[in-house]
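# Structural features, examined
Listed here are the chains, written in short residue letters.
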Amino acid sequence: MNINICAIVCFLLCAHILQAQKKNGNYRLHIKKTNFPVEINGIGDDRAWQDAEVAKDFYRVLPMDDGLANEQSAIKMTYDDKHLYLLATFYNATEAKYFVESLRRDFSFGRNDNFLLFLDPFNNQTTGFSFGSNAYGAQWDGTMFDGSRIDLNWDSKWISEVTRDDDKWVFEMAVPFKSIRYEAGVTEWGINFSRLDLKSSEKSSWTPIPRQFPTAALAYTGTLVWDAPPPAPGTNFSIIPYVLGEVNRDLEANEDSKTNGKFGGDVKFSLTSSLNLDLTVNPDFSQVEVDRQVTNLDRFELFFPERRQFFLENGDLFANFGYETIRPFFSRRIGLGVPIQAGARVSGNLNEKWRMGLMDMQTASVDETGLPSQNFGVLSLQRKVFGRSNIGLMVVNKQSINYPSENDSINQQFAKYNRNLGMEYNLASSNNIWNGKAFILKSLAPDESGRGIAQGAHLQYSSRKWLWRVQQEWVSNDYTAEVGFVPRTNYVNFSGKLGHLFFAKGGPLVSHGPELNVTWFFNEAFRETDHLAYVLYRFDFRNRSNAFFFISDDYVELLDPFDPTRLGIAELALGTEHQWNAFGWEYQSKPQSLFTYSLGGRLGGYYQDGNRTSLTSELGYRFQPYVSLSANLNYNHIDLPAPWNTNEFWLIGAEADITFTNKIFFANLVQYNEQTGNMNLNSRFQWRYSPASDLFLVYTNNYFVTPFETRNWGLTLKFTYWLNN
């Protein structure tokens, strides 16, 4: 099969989009070295700040990008031999009233008065770092990728303080040069500052940014001009050991309580100022936040994000190749019910144009299942082309060690190896209006059934009023990605989106408009197997609440037997055809209220000429800034002919997030899933007693719903400490 014309369009278009000067390159903030000490106290009265240049006259981005912000801000920056310092002052043009959700680190952006710094040390308008705080001092930090996206799972050592009064709130921070990556000798970095002020529903930016883009868009950064090259960070060597003790019991397997001690850790070593080596030995992820359960009425595997720290820094190099449903590498395939013995990763920028990610992980064998020990290797390379686009290469290898021979009696259901080779082109215009991608993947396996091809391409246009996107995918029947996420094979897909916004001249409504989405699936013989088409109408209000309504048309020809309730009652036959229509809605309340909520629903048809009603709600109440309570409710009512008849089930999640300070957190999550007959409790106490160093106490308990009794439980005490030179 030839690569579709859509892929060719993506490639040809890039040749006609000329590299342009940086959009906001004339917004320049000069930073000078200080010889005076800086005390991080949120006051900013040190001598070091008196001569620092000020970034001011912020522009409004939302609700409309129509001039200077009403709520103004002022930023100063300086540095010494070890730290980069920032002082930010946020003035209140109207009566002071601060809105925050909690003191939780890496807070939800839209629910907090906050400030964010965006740093682009390589000035490539694609990658960087973000730091910030809400108005009560909760910290935010993450790595930036794809020009505007932020991975908040990244964690680094830095300090900050916040003070408040009726006229303003002040944020002061110090980031060690060793905590970030940059190219030695470069005297101009990309930089921008963003403020969200909920009392006025205003989002603002130091540089002007069109409202359709996030303030994190690196295409619209200004320039941080150093009076001399930033200090070379020198050798940066960190050791992060951990020690833990745990007790657990599996009542489902009728086992007695077990106690266990464990130790291990990570090592971070800077090969250059912008390239990092990470090592891990006997890693443990018991403190990682648990997955949120979902009601699964889909025919294919569901995706759950990676949350383990080792896999996250520069994670976009590994995790973003391809599309969300065509990923040649998905790190959660590593260590799934199998102990990881050790791992190594080299990642970062080789220079201004090249980025590299190289990872190798080794897992142990499992005698009970016959699974041999396995090695996982990944290589990812990116080369910047034109202004902001890049070309990528990926190689993924999964190799079984001491694979049993044909004469061995050990279970041989596990493949000896699986490999993927891929190339992709990511298009990003200088003004961010045009974006696209084109990629091709080839899988290799011991037999022909695993040697296939996957390919995809899209092109997207985003202006203030118009949004359109065309996309095409092809995954052959024999394509395999055992270390990836590819829930569906043997299909060709065409999809598109077209949306338009109308802007109100006044009143509570900011914008409204329709959006059409269509997608068709065919098998490789180009016979239609399913399609989805829906039209929605969206409303966005000045107080940051929003709503939409939709109508949809679905058609499905089952490619495998499928139970439409996933309750194990019976399966619809392969090849049967089903068609239905539905109507749905969603409303999200304004984030300024102490009580917040969202309401959604879907009414309409379902498989076998049945009917399905789904209702969802998220409720929240906060005693700011210390306690945030929330509940997620999901109800499904399904009417089908016999043998399924009528079924209904609930999914309920309740969370109590208690933040005593911005360093002491106590999170509690209870989830009840009637569909799977399971209820689980997770309580996690975290004390960040030193930057990037933590004490965790984690309790988990899983229950059967009918009869209500414990399946298994565990209690873990874990201590980590960040040692660096």
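Since the model is a prediction, treat every value here as computed from it, not as a measurement. (Residues numbered from 1 in each chain as written. Predicted model: local features only at pLDDT ≥ 70, side-chain atom pairs only at ≥ 80, totals over all residues. Heavy atoms only, no water.)

### Some thoughts on empty space enclosed by the protein
Rules: Definitions used for this entry: grid spacing 1 Å over protein atoms alone; cavity, a set of points where a 1.4 Å probe fits but cannot get out; pocket, an open set with protein on both sides within 12 Å along at least 5 of 7 lines; lining residue, one with an atom within 4 Å of a point. Grid points are joined across faces, edges and corners, and a volume is the space filled by probe spheres set on the points. Elements are defined by DSSP. Helices are runs of H or I of four residues or more, strands are runs of E of two residues or more, and each kind is numbered from the N terminus. Asp, Glu, Lys and Arg are counted as charged, while Ala, Val, Leu, Ile, Met, Phe, Trp, Tyr, Cys and Pro are counted as nonpolar; the rest, among them Gly, fall into the polar class.
Under the criterion given, the structure shown has four cavities of 30 Å³ or more. Here the second largest cavity is characterised by a volume of approximately 150 Å³. Contributing to the lining of the second largest cavity are 15 residues, with T127, G128, F129, N314 and N349 lying nearest its centre. Put simply, the parts of the chain that give the lining of the second largest cavity at least two residues each are strand 7 (128–134), strand 8 (139–145) and strand 18 (340–349). Here the lining of the second largest cavity is built from residues that sort into four nonpolar, seven polar and four charged.

### Focus: the side chain of S205
Rules: Polar contacts, as counted here, are pairs of nitrogen or oxygen atoms within 3.5 Å of one another; within protein the pair requires one atom able to donate a hydrogen and one able to accept it, and residues that are adjacent in sequence qualify only if both atoms are side-chain atoms. Contacts between residues were defined by any pair of non-hydrogen atoms, one from each residue, lying within 4.5 Å.
Considering the arrangement of structural elements, one finds S205 in strand 13 (residues 202–205). Engagement of the side chain of S205 in a polar contact is seen with the backbone oxygen of T207, the distance being 2.7 Å. Each residue touching S205, except ones within four places of it in the same chain, is listed here: F58, Y59, V61, N192, F193 and T215.

### Focus: the nonpolar core
Convention followed: Among the buried residues, those of types Ala, Val, Leu, Ile, Met, Phe, Trp, Tyr and Cys that are joined through side-chain atoms within 4.5 Å form a nonpolar core. Only protein chains enter the accessibility calculation, which uses a 1.4 Å probe. A residue is then buried if its area is under 20% of the maximum for its type, exposed if over 50%, and partly exposed in between.
Judged by nonpolar contacts, the single largest core of 35 residues is most densely connected at I75, M77, L86, F115, F171 and F193. Elements that contribute at least two residues to this core include exactly strand 1 (28–33), strand 4 (73–79), strand 5 (83–91), strand 6 (114–120), strand 7, strand 11 (168–176), strand 12 (188–197) and strand 14 (222–226). Filtering out sequence-adjacent residues up to four positions away, F171 remains in contact with L86, L87, A88, F90, F115, G132, S133, W158, S160, E161 and V162. If you look at the next biggest cluster of nonpolar residues, it comprises 26 residues, including F311, Y323, I340 and V378.

### Brief notes about the confidence of the model for the protein chain
Using the following cut-off: The predictor attaches a confidence to each residue, and that confidence, scored 0 to 100, is pLDDT.
Across the protein chain, the average pLDDT comes to 90, with 95% of residues at or above 70. Looking at the elements of the protein chain, mean pLDDT is at its lowest for helix 1 (residues 5–16), recorded as 48, and at its highest for strand 4, recorded as 98. Every residue in residues 14–19 is under pLDDT 50, and counting partners more than four places away or in other chains gives eight contacts. Low pLDDT, under 50, characterises residues 407–412; the predicted model gives this stretch nine contacts beyond four residues in sequence or across chains.

### Section: the pairing of strand 38 (residues 693–704)
Test applied: The rule for pairing is simple: two strands pair if DSSP sees at least two bridges between them.
By the bridge criterion, 11 bridges tie strand 37 (residues 678–690) to strand 38 in an arrangement that is antiparallel. Within the sheet, the bridge partner assigned to M679 lies in strand 38 and is Y703. Here strand 38 pairs with strand 39 (residues 709–720) via 10 bridges, running antiparallel. Paired with Y699 across the strands is L715, a residue of strand 39.

### Observations regarding the packing of aromatic side chains
Note the cut-off: In summary, the pairing rule links any two rings of Phe, Tyr or Trp, Trp by its six-membered ring, whose centres are within 6.5 Å, and it sorts them by plane angle into stacked for under 30 degrees, edge-to-face for over 60 and tilted for everything else. Both a distance and an angle decide whether a charge sits over a ring: NZ of Lys or CZ of Arg must be within 6 Å of the ring centre and within 35 degrees of the ring normal.
Summed over all chains, the structure comprises 45 aromatic pairs. Each ring, one from F583 and one from W585, has its centre 6.0 Å from the other, and the planes form 35°; the classification is tilted. Of the residues examined, W585 reaches a relative accessible area of 25% and is grouped as partly exposed. Members of the aromatic cluster, joined through ring pairs, are Y27, Y59, F90, F115, W169, F171, F193 and W206. One cation-aromatic arrangement involves R164 over Y136; the distance from NZ or CZ to the ring centre is 3.9 Å. Looking at R488, its charged tip hangs above the ring of F521, at a distance of 4.1 Å from the centre.

### What about the layout of surface pockets?
Its volume calculated, the largest pocket comes out at about 1,300 Å³. Looking at the largest pocket, it is lined by 39 residues, and the ones nearest its centre are F285, S286, V288, V290 and T700. Residue assignment for the lining of the largest pocket shows that the elements contributing at least two residues are strand 15 (237–250), strand 37, strand 38 and strand 39. It is strand 39 that provides the largest number of residues to the lining of the largest pocket, a total of five residues. A class-by-class count of the residues in the lining of the largest pocket yields 15 nonpolar, 15 polar and nine charged. Considered as a void within the structure, the second largest pocket measures approximately 350 Å³ in volume. Residue lining of the second largest pocket: 24 residues in total, with P176, K178, S179, N236 and N724 positioned closest to the centre.

### Some words on the environment of N678
Tracing the backbone through its elements, the reader meets N678 in strand 37. In sequence terms N678 and A364 are 314 residues apart; their C-alpha atoms lie 30 Å from each other. The residues touching N678, leaving out its near neighbours within four places in the chain, are Q293, Q671, Y672, N673, N702, Y703, V705 and R711.

### Comments concerning the environment of D639
Inspection of the secondary structure assignment puts D639 in strand 34 (residues 627–639). For the pair D639 and E524, spaced 115 residues apart in the sequence, the C-alpha separation amounts to 34 Å. Side chain to side chain, D639 and H637 meet in a polar contact 3.3 Å long.

### A few points about a nonpolar patch on the surface
Going by this rule: Only residues whose relative accessible area exceeds 30% and that form no salt bridge are eligible for patches; like-charged ones are grouped when within 9 Å, while nonpolar side chains (Val, Leu, Ile, Met, Phe, Trp, Tyr) are grouped when within 5 Å. In short, Shrake-Rupley with a 1.4 Å probe defines the accessible areas, and a residue's cover is counted only from the protein chains shown. Salt bridge, as used here: a side-chain nitrogen of Lys or Arg that lies within 4 Å of a carboxyl oxygen of Asp or Glu.
Residues W466, L498, L516, V535, F549, I551, F583 and L603 make up a contiguous nonpolar surface patch of roughly 710 Å² in combined accessible area. Residue placement: I551 occurs in strand 30 (residues 546–557). Overall, the relative accessible area of 52% leaves I551 in the exposed class.

### Quick word on the pairing of strand 37
Here strand 36 (residues 664–673) pairs with strand 37 via 10 bridges, running antiparallel. Residue pairing for strand 37: N668 is matched across the bridge by S683. Where strand 37 folds back on strand 38, the antiparallel hairpin that results is connected by two residues, among which A692 adopts a positive phi of roughly 65°.

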